[in-house]
Every structure is written in structure tokens, then in C-alpha cells.
Amino acid sequence: MSDHNSGPRALADPVVDITDVYAFPSPEQPGFLVLVLNVFPNAEPAALFSDAVDYRFRLRPVTIPRGTAPAFAVGEKEYTFSFRFAGPVEHQAGSPLAQEGTCTASTGQTASFRVNDEQGGKAHGLRAFAGRRMDPFFFDGVRAAQTIMTRQLAFVSPGDSRQYRQNVLSIVVELDIATTFGADAGPLFAVVGETMIPGPITVRLERFGRPLMKSVVLGAKDFDTVNRDLDIRDLYNQEDPYNLGPTYLGAYRARMNANLGFWDGLDHKTDWPPDAHGTHPLTELLLADFMVIDVSKPYAEDSYFEIERALLNGASHQTCGGRSLNDDVADTIVTTLVNAGNGARISDGVDQQAVRASRTFPYLVPPELNPPAKIELSLDKSG
Amino acid sequence: MTGHSDPAATGGVIDGELPTTAGVLALANLQAQIDGQQRMALAGGLDVGGRAELIELVALRGHILGCIADYEWAQARAEQLTHDRPADGAALIARARARATFHRFTDALGDLDEARRLGADPPVVDAEHAAILQAVGRYDEALTFMREAVKRRADFASVAALASLCAESGDVATAEHLFDESRDHYRGVSPIPLAQLYFRRAQMWLAQGNLPRGHSWLSAAHRRLPAYAPAQGHLAEVEAALGETDSAIARLHPLTISSDDPDYPAQLARILSEVGRVEEAREWRARAAARYDELVTRHPEAFADHAAEFWLNAGADPHRALQLARKNLEVRQTRRAHELLAHATRAVDGARAAGRR
């Protein structure tokens, strides 16, 4: 899974469990940026958003500093898009609970909508939707776990995606790039999604920057000789991605160096030689856990991590980066981690969701009415 | 249109604490989780962890709504899970929890020992073990486990467990401090854990005879989770004791429909009888009696306690109460169990004396 069930807290309350975040230029309206945040893995019809949570996107301008370590320089200016939901209303006795929501941008625009209304709500330069949709994520997470367990690449073709035809609660905002950011900002932006408890004491419940960070990059404990007993994910979830606190930074680094080293070794060659301190070349880049998108480029379907790869190679990026709903990010990530693109693309055997995402608002496809049961796969070492 | 105008139903900040999801939403989402897991389970598509999680979720719904059928479902599935995966620690822990719910404490401890031997996560096994020790009145042993858990990691769950133990063992001052500390550790938005914490705090004050403070914490639990049947039931009990019988009766009527726990018709029978509504009381008494008989037959360890209470009060059969109170004391040697037996013994003696007169 991407970020589904990403830690004890998310398991306890799926309404705050961010499964995925996407950011892509609108294929429908050039000049508009689309942001998607999904929560609640395997959301059944009764599922609704919490009225106590701020579901929000945070964007900051980033630049690529020349001649320094491969990492983005993050600006101070921040743009937010905050989704709040009201308590439920029962329109008729016994009818399903209905819910209203509002998207508020830091620039002042607001758009109100009814949950599950495909038209969403509109304001000047802003369109917002929230409701139950088919989970766009696809990945053979069971065989990824098997890979970690057996220490051998375990993907097969075809693979099985546990998210196949399952549903999530989705939040979508489409924003006018020129109106929102103005002429001076951009074109590169860092994007994260968060669930927060708002108020005088804000509490970050979950955050999401890049897919598969917690499950593939941070989840396994066995390779980490420093903090083997520590489930690091809830701690990591609570960090501000633009400013990681110093308390657990060493623990995150140790875990990341160990796990990235494990993935690199799966093809029995070293494509990411660590430095003299044992630091993996991707560690600092991935510790800054946000997605980067170039809003000046047109929509592209498979552009995830292209900007980062260009940065690592000292080249100019060619695509919008970010992450589209149909992007096979799992293959990109596994290939990057295992062979750094120096070999054949590694496939997990799952190339798309049952129904490809739409090119029109709200982009995610309607919920699957009869989701299939998960397939129980063997995790024994014989494979 | 029937909107929810009660602030308790719309989440938001309550009592100056962090906001939690409105109770009605939290319950809908719990149901959504159960629906999803059940769909997969029906097709045989859940692994051991998923099956254990489903059992936990259904048992939690049973606790919130006062639904004994949910507990029974959870127990049956836990038995099946250990049958299918006898060497899996997670399956044994699930069965231990289910068995403990029905007060089969010796069996539950056996499951935990086996789970430990199979390499199950020691802190998880310890927490379950401590809860059972507390339930059977072995407070000192439970305290050792729970203090160790707090020392290892002081979080909402570990501090709440310690608070509950101190409360039950009568150390009110320490319990009060720990209840506050536990609440301060809470960093979620689900209202369910807080409602449960407040409920335990209310039980402590009720046991101390402080009805207003008990009422206050029960109300806090109710504000967080209006559908929480145990809080509603105890609110009715306190209100009846304070002379607010109309309010108590109004609370209990819906519970007799939504819950299959005989405690609610039993309470209703008692209160109606006390206010002279004898015919109505008789009907509810009969209903409670039939259900207690059924449950005592199926789960003698779990229902001996409450059935004894019933026969001592609305049921008006002290001999049956004494028999059940003895059974209850065999299962657990808590202060409450001793008091219940003493009460039943006095009632039987009183009945014999009255018969002699």
C-alpha cells in the first residue's frame, strides 16, 4: 500500500489515515493545478469525514540550488487549502447521513460543497470536491512485504493489488495557478497533505509527501541496527515536512540509510554507493518528504520523480513531475531504489487500477459498488 | 429535515479539550470499518491480523451499543481463528480478549501464556494479562505489570489502564491524577477512547457513593459519544437515585430497544416499580428475567454478577441471587463480588426470617 494504515494511529482511526496525495496540472483546464488527498482505506458507504479534522494541502515554492547537495531549497511563503466538514445531517429519518464541507484557501477564496456531489463547489479560481471514490492506488504491497521478508525481489506478473476496486474518501481541489500564486512565484512547488486537529493547540495526525515512504522506505525495522525496536512511523507522521525537528532526525536518517541500502542490494550490485559516513545518496532528498511539481509544464501521466532524478543527475527536468492519478509510481520507486535506472524497469506486475482516472473534474472515478475481497497471499519464506 | 442541534452531536471543542469527531460520525465510521472487514472476511480474504482486527471492532461496537450478540459473534470468530491458526500469537490474543469479555479468565490466561510462548509482542501480552488480573481482583500483580508499562511508555492507553486499576482498588487520589494525565496524552480525534475513559472515572465516583461527580463524568462520556449505552444506562441509574425518575425512564426506554443487554429492562422494571407503575414493571421484569436466564445458561461466568443483582432487586428472588453471587465469587474475588455475596446472604436470611414470622 502507498500510505494506507501507516502506523498505529492511522490503524485506530481510518478517518485521519491519508492513503495518498496527488498533484498534477489539470488535463481538462490548462493553467489549473489539481491536488488530491485520499483518506480511509477500504471506505464502505457509511464512511464520512471527521468534523474535528482539518484536511489540508500545504504548498511552498522551491528552487534547485546549483553546486550543492541534491536537495531542494524551500521558500518561506506557504499556500494552504484547508477542507473542513460539518457534523452530519439526516435529511429524513433513516436516510444516510449527509455532510457539507468547505474548502478555504490561504488566499481567501472559499468553496462550499455537499459531500459526494460530483459538481463540487466553485469560487473564483477554485473548485472543490469531496466524497467517496475508487481508490486510484495500485501496487502489489504483499509481494513488497515478501521482498522485505525474504530479502529477494518477489514481484510476479501479474501481481495483486490490495487496493484493486476498493474505495476511499477523496478530497479534490482544482485551483487557478495564476490567481493563486501570482506571477512572481514558481514554477516549482513542494506539496504535502496533512490531517490536523486545528485550534489553539494544533496536532498533526498524519502527513503525506511521497508515496510508499512509510511502507517501503521507513516501515521495515530489521535492517536498522540503531533503532530496531522503534516503530518510527507515528513519530514521522507528526513532523513538519518542511522543518523536521531535531529530536528524531538521527533515527529517521539511520532507518532510511539502512532500508535504502537494503533495496539497493536486491540486484546484488551497488547503484547508490553511500558516502564515508554511510549516508545513502537519496537520504537527504527523501527526508524532505514532499512532492515537487512544476506548474509551468503541461499534464503528464508518468512523471513522478522526474524532477528529482534530473536534480540528482545535474540535468534540467522535462516534465511537470508531481504525481498523476494513473502514474505507476510503485514501479518508478522500486526501480529507482534497486537499480537507480541503470537497469531494466522493475515491475510489481500491477500497471493500473481497474478503471483509469478520468480527465475531467473530479478526476477520480466513482466508487466501486461491489468491491472484491482482498486476496490472502502467503508470506512464508518459500515464496 | 431532522438536523442534529445538540452540540454534543456536532463535535467541536468540549470542556476545553481537543475536539473529537462527532459521536454519530465516529459510530458511522466504525460501522464502515466493520462492513469493509466483514466483506473481505466473508470471501475468506483476511489474514490473521485482519481477522483479529475485525473481532476487535465488532467487540468494540458491542461495548458501545450494549450488544451482547456482538460479543458472542466476536467470541465465536476468535475460537474459529485459533482453530484455523493455532500457532499464531495474534489469534490467541484475540481469543484471550474474547474469553475475558465473558469472564472466562482462566482460559484467557492460558491463551496469553501460549501466545507469549509463541513469541507474541510482550507488551501486548502483558497489557492483556494485567487487565485480567485486575478483573479477578489480583490488584497488586496487575499493578506491577501496569506500572512497568507506564515506565516503558507513558501514553494514553497505558496511563488509562493504570488509572482504572487505581480507581477500582479504591486509590481515588492517584486515580484522579492518572485520569487527567491519560486525557492529556490523547492525540486522536475518535471520541470513543475518551468516552471510555470518562466512563471508568464515573464508575469510580459511583463506587465511592459520590453521585454528582459520577453523573458529571457520565455526562462527559455521553457528550462525546451520545450512543454510548453503558453511559446512558448509568446516567439513568444515577438520575433514579437522585429522584429524577422521569428522566431515567426516558433514557432507558430507547436502550431496551437498541440493546440486547437485560440490565436495561431490569433497571426499568426496578424504577417503574418504585414509582408505582406496577403493571409496566412486571412486563419489563419478565423480559429481563427471561434474558438473564438465557445468558446465565450460555455464559454463567459473565452474567452471574448482573443476574444476581437483578434477582436481589427487581427480580425479588434472593435464593437465586445467592446462588449466582456464589458463582460470581468463584470467578473473581473482587470487593464487589464479596459485597454482592454478603448482600445476597443478608437478603436470604431476611427472607427466611420473614418466612418464620
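Calculation notes
- Residues numbered from 1 in each chain as written.
- Chains lettered and ligands numbered in written order.
- Predicted model: local features only at pLDDT ≥ 70, side-chain atom pairs only at ≥ 80, totals over all residues.
- Heavy atoms only, no water.
- Helix = DSSP H or I, 4+ residues; strand = E, 2+ residues; numbered from the N terminus.
- Buried < 20%, exposed > 50% of the residue type's maximum accessible area, 1.4 Å probe, protein only.
- Contact = heavy atoms within 4.5 Å.
- Lys, Arg positive; Asp, Glu negative; His and termini not counted.
- Charge placed at Lys NZ, Arg CZ, Asp CG, Glu CD.
- 1 Å grid on protein atoms, 1.4 Å probe; cavity = no way out; pocket = protein on both sides within 12 Å on 5 of 7 lines; lining within 4 Å.
- Points joined across faces, edges and corners; volume = space filled by probe spheres on them.
- Nonpolar A, V, L, I, M, F, W, Y, C, P; charged D, E, K, R; others polar.
- Buried area = accessible area lost by both parts, 1.4 Å probe.
- Salt bridge = Lys/Arg side-chain N within 4 Å of Asp/Glu carboxyl O.
- Polar contact = N/O pair within 3.5 Å; in protein donor to acceptor, adjacent residues only side chain to side chain.
- Pairing = 2+ DSSP bridges.
- Axes fitted to C-alpha atoms, helices over the stretch in contact; angles between N-to-C directions.
- pLDDT = per-residue confidence, 0-100.
- Expected span 1.5 Å × (residues − 1).
- Phe/Tyr/Trp six-rings, centres within 6.5 Å; stacked < 30°, edge-to-face > 60°.
- Lys NZ or Arg CZ within 6 Å of the ring centre and 35° of its normal.
- Core = buried A, V, L, I, M, F, W, Y, C linked by side-chain atoms within 4.5 Å.

**Quick look at the overall build of chain A**
Thinking step 1. The helix and strand inventory of chain A stands at nine helices and 15 strands.
Thinking step 2. Taken along the three principal axes of its C-alpha coordinates, chain A extends 60 × 50 × 40 Å.
Thinking step 3. Looking at chain A as a whole, 60% of its 383 residues are labelled buried.
Thinking step 4. Look at the contacts in chain A between residues 6 or more apart in sequence, and 67% of them connect residues 24 or more apart.
Thinking step 5. For chain A, the distance from the average position of its 34 positive side-chain charges to the average position of its 48 negative side-chain charges is 1 Å.

**Regarding empty space enclosed by the protein**
All names here are of chain A.
Thinking step 1. Under the defined criterion, the tally for this structure stands at four cavities of 30 Å³ or more.
Thinking step 2. A volume near 90 Å³ is recorded for the largest cavity.
Thinking step 3. Looking at the lining of the largest cavity, the elements with two or more residues in it are α4 (213–218) and α9 (329–339).
Thinking step 4. Per element, the largest residue contribution to the lining of the largest cavity is four residues, and it comes from α9.
Thinking step 5. Taken together, the residues of the lining of the largest cavity break down into eight nonpolar, two polar and one charged.
Thinking step 6. Lining the second largest cavity are M134, P136, F138, L325, N326, Q353, V355, R356, A357, Y363, L364 and V365.

**What to know about unusual backbone geometry**
All names here are of chain A.
Thinking step 1. Looking along the chain, the bond that leaves S157 and enters P158 is cis, with omega of -5 degrees.
Thinking step 2. Mapped onto the elements of the fold, P158 is located in the loop between α2 (141–150) and β12 (167–176).
Thinking step 3. Going from F361 to P362, the amide bond is cis rather than trans, its omega being 0 degrees.
Thinking step 4. Residue placement: P362 occurs in the segment after α9.
Thinking step 5. Even without a glycine there, the phi angle at R165 is positive, about 60 degrees.
Thinking step 6. Checked against the element boundaries, R165 lands in the loop between α2 and β12.
Thinking step 7. For R165, a relative accessible area of 26% puts it in the partly exposed group.
Thinking step 8. Located in the positive-phi region is Y363, a residue other than glycine, with phi close to 75 degrees.

**What about the interface of chain B and chain A?**
Thinking step 1. Contacts between the two partners involve 33 residues from chain B and, on the opposite side, 36 residues from chain A.
Thinking step 2. Carbon and sulfur atoms make up 60% of the area that chain B and chain A hide from each other, which totals about 2,700 Å².
Thinking step 3. Counting across the chain B and chain A interface gives one salt bridge.
Thinking step 4. Between A:E44 and B:R39 there is a salt bridge; the shortest N-O distance is 2.8 Å.
Thinking step 5. For the pair chain B and chain A, the interface holds seven residue pairs in polar contact (both at pLDDT 80 or more).
Thinking step 6. Per-element tally for the side of chain B that touches chain A: the top contributor is helix α1 (residues 23–42) of chain B, with 10 residues.
Thinking step 7. Each residue belonging to the side of chain B that touches chain A can be placed in one class, and the counts come to 14 nonpolar, 14 polar and five charged.

**Regarding the sheet that holds strand β10 (residues 121–123) of chain A**
Strand-to-strand pairing in sheets goes through backbone hydrogen bonds, with the strands running parallel or antiparallel.
Residues and elements named next belong to chain A.
Thinking step 1. Read across the sheet, five strands follow the order β1-β2-β12-β11-β10 without closing on themselves; strand pairing throughout is antiparallel. Bordering the open sheet on either side are β1 (18–25) and β10, each of which pairs with just one other strand. The average undirected angle you get between the axes of adjacent strands in this sheet is 15 degrees.
Thinking step 2. Across three bridges, the pairing between β10 and strand β11 (residues 126–134) is antiparallel. Pairing of A123 across the sheet is with L126, part of β11.

**Concerning the confidence of the model for chain A**
Detailed reading of the predicted coordinates is not advisable wherever pLDDT falls low.
Residues and elements named next belong to chain A.
Thinking step 1. With 94% of its residues at a pLDDT of 70 or more, chain A shows a mean pLDDT of 90.
Thinking step 2. Mean pLDDT across the elements of chain A ranges from a minimum in helix α1 (residues 8–12), with 60, to a maximum in strand β2 (residues 32–39), with 98.
Thinking step 3. Taken as a whole, residues 375–383 scores under 50 in pLDDT and shows 22 contacts with residues more than four places along the chain or in a different chain.

**Regarding the pattern of salt bridges**
Residue and element names in this part refer to chain A.
Thinking step 1. By the definition in use, this model includes 52 salt bridges over all chains.
Thinking step 2. Two residues, R143 and D140, come together in a salt bridge whose shortest N-O distance is 3.1 Å.
Thinking step 3. Among the residues examined, R143 registers a relative accessible area of 15% and is labelled buried.
Thinking step 4. Look at the salt bridges and you will find they share partners, linking R56, R58, R60, E78, E194, R204 and D240 into a network.

**Quick look at the pairing of strand β9 (residues 110–114) of chain A**
Residues and elements named next belong to chain A.
Thinking step 1. Where burial is concerned, the two faces of β9 differ: the one with A111 and F113 is buried and the one with T110, S112 and R114 is not.
Thinking step 2. When strand β8 (residues 100–105) meets β9, the two strands line up antiparallel, connected through five bridges. By the bridge assignment for β9, T102 is matched with S112.
Thinking step 3. In sequence, β8 turns back onto β9 through a hairpin of four residues, with G108 there showing a positive phi of about 105 degrees.

**With respect to the environment of B:A314**
Residues and elements named next belong to chain B.
Thinking step 1. Tracing the sequence through the fold places A314 in the loop between α16 (300–312) and α17 (318–331).
Thinking step 2. Between the C-alpha atom of A314 and that of Q267, which follows or precedes it by 47 residues, the distance is 7.6 Å.
Thinking step 3. Apart from the residues lying within four places of it in its own chain, the contact partners of A314 are A266, A269, R270 and R285.

**Focus: helix α14 (residues 263–274) of chain B**
Residues separated by three or four positions in an α-helix point in the same direction, a consequence of the helix having 3.6 residues per turn.
All names here are of chain B.
Thinking step 1. Over its 12 residues, α14 runs 17 Å from end to end, which matches the ideal 16 Å to within 8%, given 1.5 Å per residue.
Thinking step 2. Of all 12 residues that make up α14, nine are buried, and the element is covered over most of its length.
Thinking step 3. Residues of α14 that are buried: D263, Y264, P265, A266, Q267, L268, A269, I271 and L272.
Thinking step 4. Residues of α14 that are buried in the fold lie against α12 (229–241), α13 (245–258), α15 (278–298) and α16.

**Describing the pairing of β8(A)**
Residue and element names in this part refer to chain A.
Thinking step 1. Of the two faces of β8, the one lined by G101, C103 and A105 is fully buried and the one lined by E100, T102 and T104 carries no buried residue.
Thinking step 2. Across five bridges, strand β5 (residues 79–85) lies against β8 in antiparallel orientation. Bridge pairing links R84 to T102 in β8.

**Let's talk about the packing of aromatic side chains**
Any aromatic ring pair is given by two values, namely how distant the centres are and how the planes are angled relative to each other.
All names here are of chain A.
Thinking step 1. For the structure shown, the criterion picks out 27 aromatic pairs over all chains.
Thinking step 2. Ring geometry for Y79 and F189: centres 6.1 Å apart, planes at 75 degrees, overall edge-to-face. Of this pair, Y79 sits in strand β5 while F189 is found in strand β13 (residues 188–197), placing the two residues 110 residues apart along the sequence.
Thinking step 3. Centre to centre, the rings of Y248 and Y252 are 6.5 Å apart; their planes meet at 45 degrees, and the pair counts as tilted.
Thinking step 4. Judged by its relative accessible area of 33%, Y248 is partly exposed.
Thinking step 5. The class of Y252 is buried, set by a relative accessible area of 0%.
Thinking step 6. One aromatic cluster is present, built from ring pairs that chain together F49, Y55, F57, F83, F85 and F113.
Thinking step 7. A cation over an aromatic ring shows up here: R210 above the ring of F290, its NZ or CZ 6.0 Å from the ring centre.
Thinking step 8. In this arrangement the basic side chain of R323 is found over the ring face of Y22, its NZ or CZ atom lying 4.1 Å from the centre.

**Considerations on the nonpolar core**
Thinking step 1. Residues A:L35, A:Y55, A:F57, A:L59, A:F81 and A:F83 are the most contacted members of the largest nonpolar core, which totals 107 residues.
Thinking step 2. By size, the runner-up hydrophobic cluster in this structure holds 52 residues, among which are B:A269, B:Y292, B:A321 and B:L322.

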